[in-house]
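A structural walkthrough
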Amino acid sequence: VSSVEKRIRLHGLRQSTVGHTAVGLWRHPDSQARRYRELDFWLESAQILERGKFDALFIADALGPLEVYQGRVDAALRDGVQTPTDDPLLVISAMAAVTRHLGFAVTVSSTYEQPYQFARKMTTLDHLSEGRIGWNIVTSALDSAARNLGLDQQIPHDERYKIADEFMEVVYKLWEGSWEDDAVVGDVQAGVLIDPVRVHPIEHDGAYFRVPGIALSEPSLQRTPVLYQAGTSTAGKAFAARHAEGVFLSTYRPEMARRMVSDVRELARGMGREPESLKFITMATVIVAATEAEARAKHADYAAYASLEGSLARFSALMQIDLSQLDPDVPLEYVETEGIRGVVERFTRLDSSRRWTPRDIADFVGVSGGGPLIVGSPPQVADELERWMEEADIDGFNICDPVPPATFADFVQYVVPELQRRGRVWTDYEGNTLRESLLAPGHVRVSADHPAAAFRRLPSPAR
Amino acid sequence: VKRDRLIFSAFTGLGLPNHGPGLWWHPDARPIDHTNLEGWMALAHRLEQARFDMVFFGDSVGAPDVYRGSTEQALIDAIGIPSGDPSVLMSALASVTSELGLTFTSSTLQEHPFNFARKLSTLDHLSNGRIGWNIVTGYAASAARNFGLAELPAHDQRYHEADEYMEVVYKLWEESWEDGAVLRDARRRMYADPGRVHPIDHEGKYFRVAGPHLPEPSPQRTPVLFQAGSSEVGRSFAAHHAEAVFLIARGPAGAATLVGDVRARARGFGRHDGDLFFLQGIWFVIGDSEADARRREAELIEWVSAEGVLADLSGKLGVDLGDVDLDKPVDELRVRGVQGIVDSLRDAGEAQQGTFRDLTSRLLGARVVGAPEQIADRLTTWAEAGIDGFNVMDTPGHGAFDDFAQHLAPVLQRRGLMQREYRAGTLREKLFGSEPQLPARHPARRHRRPAAPILEDGKDSAVSAGGRVA
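Residues numbered from 1 in each chain as written. Chains lettered and ligands numbered in written order. Predicted model: local features only at pLDDT ≥ 70, side-chain atom pairs only at ≥ 80, totals over all residues. Heavy atoms only, no water.

**What about the overall build of chain B?**
This is how the line gets drawn: In this text, helices come from DSSP runs of H or I with a minimum length of four residues, and strands from runs of E with a minimum of two, each type numbered from the N-terminal end. Only protein chains enter the area calculation, which uses a 1.4 Å probe; residues under 20% of their type maximum are buried, those over 50% are exposed, and those in between are partly exposed. Note on definitions: a residue-residue contact is assigned when non-hydrogen atoms from the two residues lie within 4.5 Å. For accessible areas, the Shrake-Rupley method is used with a probe of radius 1.4 Å. Any residue's cover is judged against the shown protein chains and nothing else. Think of it this way: Lys and Arg go in the positive column, Asp and Glu in the negative one, and His and the chain ends go nowhere. By convention, the charge on Lys lies at NZ, on Arg at CZ, on Asp at CG and on Glu at CD.
A count of helices and strands for chain B gives 15 helices and 13 strands. Across its three principal directions, the C-alpha atoms of chain B cover 80 × 50 × 45 Å. Counting over 470 residues, chain B shows a buried share of 62%. Across chain B, contacts joining residues at least 24 apart in sequence account for 77% of those joining residues at least 6 apart. Total accessible area on chain B is roughly 16,800 Å²; 49% of this is exposed by carbon and sulfur atoms. Across chain B, 52 positive and 65 negative side-chain charges occur, with their mean positions spaced 5 Å apart.

**A few points about the pairing of strand S9 (residues 226-229) of chain A**
Two faces make up the sheet, and in a regular strand the side chains alternate between them. Residue and element names in this part refer to chain A. Worth spelling out the cut-off: The rule for pairing is simple: two strands pair if DSSP sees at least two bridges between them. A right-handed crossover is one whose linking path, passing over the helix from the first strand to the second, runs clockwise when the strands point away from the viewer.
Going residue by residue along S9, you find Val 226 and Tyr 228 tucked away on one face and Leu 227 and Gln 229 tucked away on the opposite face as well. Relative to S9, strand S4 (residues 133-138) runs parallel, the two being bridged by four bridges. Bridged to Gly 134 within S9 is Val 226. In this sheet, strand S10 (residues 246-249) lies alongside S9 in parallel orientation, the contact comprising two bridges. In the sheet register, Gln 229 faces S10, and the bridge partner there is Val 247. Note on the crossover from S9 through helix H7 (residues 234-243) to S10: the handedness is right-handed.

**Brief notes about the interface of chain B and chain A**
When the parts of a complex come together, some accessible area is lost, and that lost area is often taken as the interface size. Quick note on the threshold: Accessible area, probed at 1.4 Å, shrinks when two parts are joined; the buried area is that loss added up over both. We define a salt bridge as a contact between a side-chain nitrogen of Lys or Arg and a carboxyl oxygen of Asp or Glu at a distance within 4 Å. Polar contacts, as counted here, are pairs of nitrogen or oxygen atoms within 3.5 Å of one another; within protein the pair requires one atom able to donate a hydrogen and one able to accept it, and residues that are adjacent in sequence qualify only if both atoms are side-chain atoms. Under the scheme applied here, ten amino acids are nonpolar (Ala, Val, Leu, Ile, Met, Phe, Trp, Tyr, Cys and Pro), four are charged (Asp, Glu, Lys and Arg), and all others, including Gly, are polar.
On the side of chain A, 78 residues touch chain B, which itself brings 77 residues to the contact. Counting each side, the surface lost to burial between chain B and chain A is near 6,600 Å², with a carbon and sulfur contribution of 58%. Linking chain B with chain A are nine salt bridges, by the criterion used here. For the pair chain B and chain A, the interface holds 30 residue pairs in polar contact (both at pLDDT 80 or more). At the level of elements, helix H1 (37-49), helix H2 (72-77), helix H3 (90-95), helix H4 (113-126), helix H5 (141-146), strand S5 (182-185), strand S6 (190-192) and strand S8 (208-209) of chain B are the ones that each hand at least two residues to the side of chain B that touches chain A. For the side of chain B that touches chain A, a count of residues per class yields 39 nonpolar, 22 polar and 16 charged.

**So, the packing of helix H4 (residues 115-128) of chain A against helix H6 (residues 157-177) of chain A**
Residues and elements named next belong to chain A. To keep it simple, the criterion reads: Note on method: axes are straight lines fitted to C-alpha atoms, helices fitted across the in-contact stretch only, with angles between N-to-C directions ranging 0 to 180 degrees. When an angle is under 35 degrees it counts as roughly parallel; over 145 it counts as roughly antiparallel; between 65 and 115 it counts as roughly perpendicular; any other value is oblique. For any pair of crossing helices, the crossing counts as left-handed if the nearer helix is rotated counterclockwise from the farther one by less than a right angle, and right-handed if it is rotated clockwise.
Relative orientation of the contacting elements H4 and H6 amounts to 50 degrees, with a least axis distance of 9 Å. Here H6 runs oblique to H4, going by the angle between their axes. Where H4 crosses over H6, the two elements pack in a sense that is right-handed. The segment H4 lies against H6, with Pro 115, Tyr 116, Phe 118, Ala 119, Met 122 and Thr 123 engaging Phe 167, Val 170, Val 171, Leu 174 and Trp 175. Looking at side-chain class alone, the contact of H4 with H6 contains 10 nonpolar, one polar and no charged residues.

**Here we look at helix H1 (residues 39-51) of chain A**
Note the threshold: One less than the number of residues in a helix, times 1.5 Å, gives the span that helix is expected to have.
Taking 1.5 Å of rise per residue, the 13 residues of H1(A) would be expected to cover 18 Å, and the 19 Å separating its terminal C-alpha atoms lies within 8% of that figure. Residues of H1(A) that are buried make contact with strand S1 (9-15), strand S2 (56-60), helix H3 (92-97) and helix H14 (406-421) of chain A together with H3 and H4 of chain B.

**Remarks on the packing of aromatic side chains**
Threshold: To pair, rings of Phe, Tyr and Trp, with the six-membered ring standing in for Trp, must have centres within 6.5 Å; the planes then decide the type, stacked if under 30 degrees apart, edge-to-face if over 60, and tilted in the middle. We call a charge positioned over a ring when the NZ of a Lys or the CZ of an Arg lies within 6 Å of the ring centre and within 35 degrees of the ring normal.
For the structure on display, the rule yields 40 aromatic pairs over all chains. Ring geometry for Trp382(B) and Phe390(B): centres 6.4 Å apart, planes at 90 degrees, overall edge-to-face. For Trp382(B), a relative accessible area of 2% translates into the label buried. Taken together, Phe8(B), Phe52(B), Phe284(B), Trp382(B), Phe390(B), Phe401(B) and Phe404(B) form an aromatic cluster joined through their ring pairs. Directly above the aromatic system of Trp426(A) lies the positively charged group of Arg7(A), at a separation of 3.7 Å from the ring centroid.

**Section: the environment of Trp173(B)**
All names here are of chain B. Relative to the elements of secondary structure, Trp 173 occurs in helix H6 (residues 155-175). On the accessibility criterion, Trp 173 (2% relative accessible area) is buried. For Trp 173, the contacting residues outside a window of four places in its chain are Ala 117, Leu 120, Ser 121, Trp 133, His 213, Arg 221, Thr 222 and Pro 223. In terms of polar contacts, Trp 173 uses its side chain to reach the backbone carbonyl oxygen of Ala 117, at 3.1 Å.

**Side note on unusual backbone geometry**
Omega for the peptide link from Gly211(B) to Pro212(B) comes to 0 degrees, which places this bond in the cis form. Mapping Pro212(B) onto the fold places it in the loop between S8 and strand S9 (224-227). Looking along the chain, the bond that leaves Thr395(B) and enters Pro396(B) is cis, with omega of 0 degrees. With respect to the secondary-structure elements, Pro396(B) resides in the loop between strand S13 (389-393) and helix H14 (399-414). Located in the positive-phi region is Asp393(A), a residue other than glycine, with phi close to 60 degrees.

**Remarks on H14(A)**
All names here are of chain A. Spanning 16 residues, H14 covers 23 Å between terminal C-alpha atoms, matching the ideal 22 Å at 1.5 Å per step. Looking only at H14, the buried set comprises Thr 407, Phe 408, Asp 410, Phe 411, Val 412, Val 415, Val 416, Glu 418 and Leu 419. The positive-phi residue at the C-terminal boundary of H14 is Gly 423, with phi of around 70 degrees.

**Things to note about the confidence of the model for chain B**
Residues and elements named next belong to chain B. Basically, it comes down to this: Per residue, pLDDT measures the predictor's confidence, with a range of 0 to 100.
Here chain B averages 89 in pLDDT, while 90% of its residues score no lower than 70. The secondary structure element of chain B with the lowest average pLDDT is helix H11 (residues 339-347), at 65, and the one with the highest is H3, at 98. Considering only residues more than four positions removed or in separate chains, one finds that residues 455-470, a stretch of pLDDT under 50, has 37 contacts. Here the prediction assigns the complex a pTM of 0.92, and the interface score ipTM is 0.91.

Below, the structure is given as structure tokens:
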């Protein structure tokens, strides 16, 4: 399939915090970032995205305060950089109630959840949203999160992925293998709601988890939520290739993205999965207005509010490297960390075009958050998005909202109609569930070549 | 304690109605589809219209599997299964109501306190301070096993662990962020003042949590705390922590004993009588007349699944009642684990004759049967025994709440027993007529810090928030 024919998939990117991708912009008069605790703020945002026929709202999360920079949380607190942060899962049912098609891809760390109750929460949300739930699987890169959850420090990087693999096995068994499709019989005459013969204990007994029981919830439309992953390290790529249906990229140059895409697709092929069934969504910040000049002025206005220190605090935590300890003007070298290795690589050995100092990084990510920053008129933005689709061989974008919700609203007002005119995005939803939006109409459950499908059961013979 | 009115809460769960196995098949039960969002939102809206103080979601994270050693009967009668997680439903209910309290059950076994505290703060933000938490320690071994434990921890140990769990969440909710820590001052580029946000550095026997709390403080900080323990250690826990004690006494006399005991313990902890109230679980069968109500009751009881009642009870007692012969006369019955209940029913004169099958409907919790005026009289009797309000069960189904609203609420309101309008403010203010946050004598407040000195404009605070790095 040539990328020219691909429909551009659009997700909106948010976190339930004040300063997410663009740090310091909460001070801009148009920013409503401070309303992150308000239900109405989320409902309005969801409605904006659905108006633009976005596939999903993608909600990031971080389970610990950002305290690598200067060894303390101060810089993060001053700009509200992911600290404070609320739980992303709990606002979804309310957003589902005011939308019909928008999906919700929510970040939850497998490192700090119990698979049994986590599976139940996702099933509950998939019920309530009628099949619109996705899960962005993370393994948690923050030492500060580990310390809050009873560990002295981070579980080593590669072991986190081993735990995550077993976690996936447990939840697959609960979602796919515990209840047969026709277990709920609802026989009033016999007084039998559920046929016990068709509900099976999963009897999982592994190295990290022991879960013997049956799933507590009856199956939801999608059963397994749509699975997203963003790992870029070697272990992370293998994990994505095995489990992910959507892969979230956050690099700033198409050729760097393209390498990731082809690596992960190749790995997926090796695992017996159809490589094109994995959809790659890259983070992008779009500042658009009716004309290029207006867009440039808007960007300059936003950039004036960017916080250098806050940005360094954010990237220090992502890399688990205290950038305050480094000379701001000496280029960074690659080092092994227990943080997000892909982020470190991106600013060191992956980028052959230039060398990055801490100051460069902070300037660059101030508005963009580390992904491409696209500023221009609607046709210019559409051109650039199409170039990315082509050159990176991706499937769509995770659109950032540096001045929430104005940036989302601008995108929907200016860019979506232009892309629709070009036939690059759809003019209406073609399915009902999130998996149908991401993959294809009618594709409600995981594909047969996905590892979750291996846990499906054949129906028991009728009693 | 003199209250100006009684409290009415709607007691349900995110599954099929759970308090009367088999009953929800009855045509009057009108259970909503528990997987359907609109159904729950419409229910919450109706509860608010009817001026219920709150909705209360029970929950258990294990399927009952003690009866005959399997989940078979639980599945047939939908007892505790299928069930969903109530926490994820709350924001949708908050979005269609503005006054209704939103209380749900979560076990201290099921979630790490750091994560859990964040979830409750999030919900308290989203609902503008309308969240209550029913603290349970999890009685089902089936739940414990699914959380990686070989067996359920011993009863008293669960409470010790729960005590430490409370200490952790109190520190996160009350101590970590000072009042005034959130400045949202764009000019000074200071969303929050680092000098006023503190790690908690909790190191205990069961938990180690560094902090700080990730969410900024919510309107109530600590949600309104409910608890339902009736054992020795459970009562002590309730007296210490609970603001509302949920009980299912068989009658006013039994309730009075428990209320008196817990109140005495609470006083011993330095708490005031007005700091906690008692909520009795109850099931109403309302008729046009007493005879009509009795007729409806008899008709309903025919739908009870006796096996389901045993399966439910087996799970709660941890004793397999699978070999109880339902058709044997009660007088001849000797059952390990349930003999105390049988004896108490017999002593109460309710089961002099008949079989265990006849008796099962008596095990569905306290029920008040009659015409509305009669029911109101009976509630007054409960109130005289020290009960402050009622958790109205969804028995036979969610239709029970509509029947209550239509037939009983007007009578109760006319007599001044039920609110006609909501009091302003958070759930805590509505229920207690108090401040939005816990009173200073509650143990959670021991963890509150004195506020740091106010800073001069433009100066950074002297104290670093990190604390771990010099």
